[in-house]
Structures are given as structure tokens and as C-alpha cells.
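A look at the structure
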Amino acid sequence: MRVAGPLRIVVLIFTAGLTWIMGSILLGTHGSGFSRLQQLFSSPENAVTTGILSFPDPEASRAELREPRARKYKCGLPQPCPEQHLAFRVVSGAANVIGPKICLEDKMLMSSVKDNVGRGLNIALVNGVNGELLEARSFDMWAGDVNDLLKFIRPLHEGTLVFVASYDDPATKMNDETRKIFSELGSTNAKELAFRDSWVFVGAKGVQDKSPFEQGALRLPAPSFSFLLAAPQHVKNSKSTNKYEGWPEALELEGCIPQRTMGTQ
């Protein structure tokens, strides 16, 4: 009779444990019933203790499952810019569907979300000393007036940064003066731009040499630029390799631009 009491308790505990395990399996809850039973009698590091039982911390479990994410810096750059440099990212439009983007120092200067982009050339003028946006406008190079563009880029001050992203057609209305001005800003592709080319460019008023911040494609996909940029690239038209029907692949340009000092203006 003395053994019956403790034996009855053991049977009740075993029955309850077995019922709990079967219920966990049938309900499909996270982890097996057996593993949970093991956790009750173990003392994991990430555990929340309640009374005499120890349960796993769900937040700690989720943290262990998360994969480490690659860190992104200003404008989504894979590396931080040095001091006294401006981080930027320019993306051309894709065909005539997805609008372009111009980002500087983690601020979106032009995009479809801001509702300040359009067909043709999308241009942001930036103070080269402090990185502040001076003005941002789009110019229709298919049906617009090229004189509007000329009035915008003729009176630029020394040291002004010029960010350009094409969308749909950047060149039909371009004339010799327009191409000459962009070339003076450091472009190597402006003289050859044509109907529905893709083009992204960053130049400056008073630049001494050709800008390293440019990519152009003549209805052709072009290789993406590496961080801090490579030499300008220009690809000839080939219908067989266009990504979109009648349009090349969208181009991206990203990197770091050294800020000008007051003494260099």
C-alpha cells in the first residue's frame, strides 16, 4: 500500500507528459514534443525560468535563425564614403515604365515617388561645397523645347554639381549647343547620345578633365559600375541585345564625390 501512492503519481506524470507530446505533434507546433520535453530538463543559455521549469526564449530563438544582413550605407552604397565626400547613386529610367532616381547623401532628390521626374533628361543641380540641392527639373527631349534646357544649364556657377538621369528618350531634341555644354561639364557620351539611349552622368561646372562619373548605353545593356566607379563606358546599338523591346537596360551609377572647399571655387 505504501508503494501504490508514489507509483500512482509516477503514472500520472508519465500519462500527462505523453499526452502533451502527442498534442504538440498533432497540432504541428514549432519543434517536436520530444525536443520540448528535453528542454524542460535542460538549462539552455537562452531560457526564461518559471518556477521549476525552464522554457526557451522565443526572441532568442528567432535571433539565432536570422541571417546576418550586409550593411548598407548612404544611398545604398556597399561602403562608406571618406570624409569630405558626398555619397550618391543615380539610376536611369527603365524603358518608359519605371522612372529614374537621383540620391545624394541618403536624400532622394528626384524619383517617381517625389513626382518630380519625367520623360527625357532629369537633372539635379547641387552645391558642390555643402551638398545642398539647388534645383531639380525634368526636360522632355521628345516633344519639349530644348531652349528650356539651355536656359537651365547655361548659367551654372563654378563648382555646381550636375546629376543627370535619362528616362525613355534623352536626345531627340538635343542640339549642338546642348551637347557642347554637357561635354564641358565632363561628359564623353553627350556628343553621341541618340533616340532612346540610356544615360547617367555626374559632372561639374569648371571640371578640368572628363568626368569619371558617367555611363551610357545605346540601346544596349551595359555592365554595372563598381564602387567608386570605373572609366566611362559607351555601348553601341544592337537590337538583339536590348533588354526591353526598343530600350536598353537601366543604368546605375554610384560612388563618392569629393566636396569642394571655399578656396577652390
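In this text, all values refer to a predicted model and were calculated from it rather than measured experimentally.

Attention now goes to the state of the cysteines. This model, assessed by the stated rule, comprises 2 disulfides. Paired by a disulfide, C75 and C103 hold their sulfur atoms 2.1 Å apart. Across the S-S bond linking C75 and C103, the dihedral sits near -85°, which makes this disulfide left-handed. Separated by 28 residues along the polypeptide, C75 in the loop between α3 (58–65) and β3 (85–91) and C103 in strand β4 (residues 101–104) bring together distant segments of the chain. For C75, a relative accessible area of 7% corresponds to the buried category. Assessed through its relative accessible area of 8%, C103 is described here as buried. Across the disulfide, C81 is cross-linked to C256 (sulfur-sulfur distance 2.0 Å). On the S-S bond that ties C81 to C256, the torsion sits near -85°, and the link is left-handed.

This brings us to empty space enclosed by the protein. Inspection of the entire model under this criterion finds 1 cavity of 30 Å³ or more. Along the walls of the largest cavity sit 10 residues, with G93, D168, D197, S198 and W247 positioned nearest its centre. Split by residue class, the lining of the largest cavity holds 4 nonpolar, 3 polar and 3 charged.

This next bit is on helix α5 (residues 176–184). Buried within α5 are the following residues: T178, R179, I181, F182 and S183. Buried residues along α5 sit against β6 (120–126), α4 (146–153), β8 (161–167) and β9 (198–204). G186, located one to two residues past α5, shows a positive phi value of around 115°.

Extensive coverage of β9 is indicated by the burial of 7 of its 7 residues. Both faces of β9 are covered, namely the face carrying S198, V200, V202 and A204 and the face carrying W199, F201 and G203. Relative to β9, β8 runs antiparallel, the two being bridged by 5 bridges. The residue of β9 that forms the bridge with V162 is G203.

With that settled, consider the sheet that holds β4. Sheet architecture is open: 4 strands sit in the order β5-β4-β3-β12, paired in antiparallel fashion. Strands with a single pairing partner mark the edges of an open sheet, and in this sheet they are β5 (107–110) and β12 (252–258). Put simply, the sheet's adjacent strands are angled 20° from each other on average, direction ignored.

The tally for this structure, following the rule as stated, stands at 7 salt bridges. Note that K74 and E105 form a salt bridge whose closest N and O atoms lie 2.8 Å from each other. Pair noted here: K74 is in the loop between α3 and β3 and E105 is in the loop between β4 and β5, with a separation of 31 residues, a long-range link. Here E105 falls in the partly exposed class, since its relative accessible area comes to 24%. Residues R89 and E252 are paired through a salt bridge, measuring 2.8 Å at the closest nitrogen-oxygen approach. Placement of R89 in strand β3 and of E252 in strand β12 is noted, with a sequence separation of 163 residues between them. Linked through salt bridges whose partners overlap, the residues forming this network are R89, E252 and E254.

What counts, and at which threshold
- Residues numbered from 1 in each chain as written.
- Predicted model: local features only at pLDDT ≥ 70, side-chain atom pairs only at ≥ 80, totals over all residues.
- Heavy atoms only, no water.
- Disulfide = S-S within 2.5 Å.
- Helix = DSSP H or I, 4+ residues; strand = E, 2+ residues; numbered from the N terminus.
- Buried < 20%, exposed > 50% of the residue type's maximum accessible area, 1.4 Å probe, protein only.
- 1 Å grid on protein atoms, 1.4 Å probe; cavity = no way out; pocket = protein on both sides within 12 Å on 5 of 7 lines; lining within 4 Å.
- Points joined across faces, edges and corners; volume = space filled by probe spheres on them.
- Nonpolar A, V, L, I, M, F, W, Y, C, P; charged D, E, K, R; others polar.
- Contact = heavy atoms within 4.5 Å.
- Pairing = 2+ DSSP bridges.
- Axes fitted to C-alpha atoms, helices over the stretch in contact; angles between N-to-C directions.
- Salt bridge = Lys/Arg side-chain N within 4 Å of Asp/Glu carboxyl O.

Keep in mind these numbers describe shape, not what the thing actually does.
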